[in-house]
Amino acid sequence: MAESMKRPPRKIQGPVAWMRQHLFSSWYNSLLTIVVGYLVVTNVSPLINWLFLEANFVGSEPSDCSGTGACWLFVNQRLNFFIYGFYPDDLQWRVDIIFGLLAVAFVPQFIEKFPARKACGLFGLTGLPIIGYFLIPGGTFGLEVVESTKWGGLMLTLILAYIGILASLPIGIVLALGRRSDMPMIRGLCVVFIEVWRAVPLITVLFMASVMLPLFLPDGMNFEKLSRALIGITLWQSAYMAEVIRGGLQAIPRGQYEAADALGLGYWKKTGLIILPQALKMVIPGIVNTFISLFKDTTLVLIIGLFDLLGTVQSTITDPAWQNVAIEGYVFVAFCFWVFCFGISRYSQNLERKLDTGHKT
Amino acid sequence: MGNTMTDQTQTTDPQSPTPGETANKPDIIRVEGMHKWYGDFHVLRDLNLNVRHGERIVICGPSGSGKSTFIRCLNRLEEHQQGKIIVDDIELTDDVRHIDTVRREVGMVFQHFNLFPHLTVLENLCLSPIWVRKTPRKEAEADAMEYLKRVKIPDQAKKFPGQLSGGQQQRVAIARALCMKPKIMLFDEPTSALDPEMIKEVLDVMIELAGSGMTMMCVTHEMGFAKTVADRVIFMDDGEIVEEAPPHDFFTNPQEPRTQSFLQQILAH
């Protein structure tokens with residue numbers, strides 16, 4: 001008796017015990033298990049059949065697809081268009097370099113022990129956009145110019161999301177700090193900015209950027225549609241970001257501000273060294289949520305005539321040469337978005353774990 | 001009431017003798033006719049106080065009497081609306097540069113420690129010396145380790161505040177304030193948030209500090225501490241300084257009825 005009191009009750013182990021406990025604990029649960037099991041088997045196996053077993057991967061003509069399974073041949077054939085849009089074939093190495101550098105910057109972030117992990121990340125945030133800025137449009141260093149109207153596909157999606165994310169975070173931080181400023185003028189401006197941009201749908205912003213903005217700009221000062229869309233997306237996004245970050249700023253206990261004040265740290269040092277590191281850490285889930293939703297919202301540029309990944313796929317499935325490939329196209333797009341968004345999400349969870357110092361003030 | 005206040009506080013003139021070896025040192029803090037309001041609420045009423053270099057002052061009083069607010073005015077965590085506060089020959093006004101100068105010379109320890117949870121103990125200590133005093137990192141870290149030894153927790157330097165006990169956190173907070181090599185230390189109820197068994201380790205550090213000649217102002221309910229280290233005990237009630245006296249006189253022969261009833265209550269058991 002005394003012996004058994006010391007130990008927690010032994011957990012029953014083994015798959016049979018587990019199933020008995022969780023799946024067949026009563027006649028009602030057994031029935032549910034059987035019904036659900038039947039539904040899973042009858043639905044998953046056709047899905048796997050369609051996706052892989054009966055699907056066609058090789059060939060060159062639409063007629064090579066059997067029609068019983070997915071026609072991945074179509075994705076395979078048009079992959080170049082889905083990735084680069086109308087970017088000239090012989091210049092696509094420039095985009096490939098950027099893709100490569102993107103991998104160099106971010107893949108190490110998932111490998112805990114990678115020696116130059118931080119340097120890679122820093123490069124991704126600073127060097128990479130600069131290189132991209134010169135390499136992709138060309139026009140400098142003897143590189144042939146590629147108009148932004150020719151950019152498209154996954155490359156365009158990534159450019160929009162990357163720049164949107166990269167620019168909206170610092171602007172959001174500034175707006176959030178401004179909204180909590182003691183100076184009425186600054187606070188007023190930030191409140192107006194945030195409330196105006198946040199209250200407008202992104203589609204409206206994009207239409208305004210592509211159609212109305214040129215009307216207001218003086219003659220001769222006209223920049224391309226992509227830049228206008230980018231500015232619109234960034235400002236719109238930064239208003240959301242500001243509110244997420246403000247949530248974090250408000251969660252910092254007053255004592256932290258006072259301790260920093262008492263140590264003689266001025267406003268900027270207090271904000272940069274004490275408040276922001278804690279506030280941002282606290283709202284990582286919110287920030288990442290915003291990033292992911294921005295990543296997917298970039299598909300809206302379709303309506304102002306930019307061909308992002310979804311746009312390129314959609315224009316291809318209406319191509320009379322390929323019939324009945326809509327499902328394959330959309331599954332492919334969904335998969336691509338899922339890979340990137342899931343990657344962002346995993347990275348943020350990683351980051352949260354790493355930054356946790358176990359202190360709840 | 002206003003008149004008796006003035007009479008009371010006149011005894012704090014620098015000329016009037018107070019016991020202790022600090023009697024003929026110059027003033028480091030001067031508070032003259034200071035008032036503070038929160039909105040319409042008059043929290044501090046006509047405070048007058050002079051503190052000499054190296055003097056150790058304990059402020060006590062019932063909760064809501066304004067004692068915390070008072071010492072928080074001394075490094076301008078709170079703003080006063082009338083009267084003068086002069087710390088180390090600098091008057092506290094809206095001038096941010098003056099405030100920053102004063103804050104560099106005045107260390108503060110809070111009831112809830114307020115350590116920076118995202119930084120290690122050592123980083124907590126070095127932050128301000130490096131960023132405000134511009135001390136080279138190596139030197140700041142060596143200094144910090146010295147202070148950690150002084151508060152008897154050098155082995156916790158690499159830990160995060162969240163991994164320490166309350167008493168240890170408060171000692172880190174004291175060390176953090178000392179790292180700025182302040183001329184004055186303010187303590188705002190430093191032991192009130194601690195479990196009883198941790199109070200002593202913090203008080204020991206404070207007593208050691210008092211022995212080193214640091215100017216200290218301490219809001220506390222630890223009457224034992226007041227008796228051992230204070231040069232003067234100040235009793236505040238309702239935003240006023242009701243009575244101030246050397247600890248022996250204060251505890252054995254309080255003059256004011258309000259002080260008497262307060263002491264009766266806290267010393268009853």
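Residues numbered from 1 in each chain as written. Chains lettered and ligands numbered in written order. Predicted model: local features only at pLDDT ≥ 70, side-chain atom pairs only at ≥ 80, totals over all residues. Heavy atoms only, no water.

Remarks on the overall build of chain A
(1) Moving on: Within chain A, the secondary structure is distributed over 16 helices and zero strands.
(2) Moving on: For chain A, whose C-alpha radius of gyration is 26 Å, the value lies well above the compact-globule estimate of 21 Å for 361 residues.
(3) Moving on: On the principal axes, the C-alpha backbone points of chain A span a range of 75 × 75 × 40 Å.
(4) Moving on: Within chain A, the proportion of its 361 residues that are buried is 40%.
(5) Moving on: Of the contacts made within chain A by residues no fewer than 6 positions apart, 65% connect residues no fewer than 24 positions apart.
(6) Moving on: Total accessible area on chain A stands at roughly 20,400 Å², and carbon and sulfur atoms take up 68% of it.
(7) Moving on: Of the side chains in chain A, 27 bear a positive and 23 a negative charge, and the two mean positions are spaced by 16 Å. (Helix = DSSP H or I, 4+ residues; strand = E, 2+ residues; numbered from the N terminus. Rg over C-alpha atoms; globule rule 2.2 N^0.38 Å. Buried < 20%, exposed > 50% of the residue type's maximum accessible area, 1.4 Å probe, protein only. Contact = heavy atoms within 4.5 Å. Areas by Shrake-Rupley, 256 points an atom, 1.4 Å probe, with all protein chains shown as cover. Lys, Arg positive; Asp, Glu negative; His and termini not counted. Charge placed at Lys NZ, Arg CZ, Asp CG, Glu CD.)

Here we look at the domain arrangement of chain A
(1) Moving on: You can read the domains of chain A as domain 1 (2-53) and domain 2 (82-87 + 146-355).
(2) Moving on: Using only C-alpha atoms to locate each centre, domain 1 of chain A and domain 2 of chain A end up separated by 42 Å. (Domains from an automatic or database assignment.)

So, the interface of chain A and chain B
Interfaces are often described in size by the accessible area the parts lose on coming together.
(1) Moving on: In this complex, chain A contributes 21 residues to the contact, which on the side of chain B involves 25 residues.
(2) Moving on: Across the contact surface, chain A and chain B share three salt bridges.
(3) Moving on: Residue Arg72(B) pairs with Glu258(A) through a salt bridge whose shortest N-O separation is 2.6 Å.
(4) Moving on: Counting the contacts that link chain A with chain B gives seven residue pairs in polar contact (both at pLDDT 80 or more).
(5) Moving on: With eight residues, helix α12 (residues 254-262) of chain A is the single largest residue contributor to the side of chain A that touches chain B. (Salt bridge = Lys/Arg side-chain N within 4 Å of Asp/Glu carboxyl O. Polar contact = N/O pair within 3.5 Å; in protein donor to acceptor, adjacent residues only side chain to side chain.)

What to know about the packing of aromatic side chains
(1) Moving on: Tallied over the entire structure, the rule returns 18 aromatic pairs over all chains.
(2) Moving on: With 6.1 Å between their ring centres and 90° between their planes, Phe86(A) and Phe307(A) make a pair best called edge-to-face. You can see Phe86(A) sitting in the loop between α4 (72-84) and α5 (92-106) and its partner Phe307(A) sitting in the loop between α14 (284-297) and α15 (309-317), a full 221 residues away along the chain.
(3) Moving on: Aromatic ring contacts, followed pair by pair, group Phe81(A), Phe86(A) and Phe307(A) into a single cluster.
(4) Moving on: Against the face of Phe251(B) rests Lys227(B), its NZ or CZ located 5.0 Å from the ring centre. (Phe/Tyr/Trp six-rings, centres within 6.5 Å; stacked < 30°, edge-to-face > 60°. Lys NZ or Arg CZ within 6 Å of the ring centre and 35° of its normal.)

Topic: a nonpolar patch on the surface
(1) Moving on: Together, Val36(A), Val40(A), Val44(A), Ile48(A), Phe52(A), Leu53(A), Phe57(A) and Val58(A) make up an exposed nonpolar region whose accessible area comes to about 750 Å².
(2) Moving on: Mapped onto the elements of the fold, Val40(A) is located in helix α3 (residues 27-53). (Patch = residues over 30% accessible without salt bridge, like charges linked within 9 Å, V, L, I, M, F, W, Y side chains within 5 Å.)

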